[in-house]
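Structural description and commentary
Here is what each chain is made of, one letter per residue.
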Amino acid sequence: MNQYRLPIEVVRDDEGYLASCPNWPDCYAQGDMVDEAISEISAVAAGLIELYQEENKQIPLRFVKEIKSPAKISLDIPLMVAVQ
């Protein structure tokens, strides 16, 4: 299992919250709540990583480390939320 940094931005729109990764245009998701948008973009990123690996494409995220034991995973996700 590998760990990557997933920088995201979350903005509120008329239908909830939109999460996107500034350096990966294919990676975005929507949710009714901020935490739902973050959860969804995490799932989208995981799926894209698998797809990119299968197609031998470069993953546009910073590789952090290989995780030997999946017992615990720590994530560092920068989060920016627009306040109205």
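Residues numbered from 1 in each chain as written. Predicted model: local features only at pLDDT ≥ 70, side-chain atom pairs only at ≥ 80, totals over all residues. Heavy atoms only, no water.

Right, let's talk about unusual backbone geometry for a bit. Here the phi dihedral of N56 falls at roughly 55°; this positive angle occurs in a residue that is not glycine. Relative to the helices and strands, N56 is located in the loop between α1 (34–54) and β5 (62–66). (Helix = DSSP H or I, 4+ residues; strand = E, 2+ residues; numbered from the N terminus.)

As for its position among the elements, Y17 is in strand β3 (residues 16–20). Distance in space between the C-alpha atoms of Y17 and Y4 is 23 Å, their sequence separation being 13 residues. Not counting the four nearest positions on each side in its chain, Y17 is found in contact with V10, V11, R12, A29, Q30, G31, D32, M33, V34 and A37. (Contact = heavy atoms within 4.5 Å.)

Looking now at α1. Between its first and last C-alpha, α1 extends 30 Å over 21 residues, near the 30 Å set by a 1.5 Å rise per residue. Where α1 ends, the next residue or the one after it, N56, has phi of about 55°, a positive value. (Expected span 1.5 Å × (residues − 1).)

Let us look at the pairing of strand β4 (residues 28–31). Taking every second residue as pointing to the same face, the buried face of β4 carries A29 and G31, while none of Y28 and Q30 on the other face is buried. Summarising the sheet, β3 and β4 pair through four bridges and their orientation is antiparallel. Paired with S20 across the strands is Y28, a residue of β4. (Buried < 20%, exposed > 50% of the residue type's maximum accessible area, 1.4 Å probe, protein only. Pairing = 2+ DSSP bridges.)

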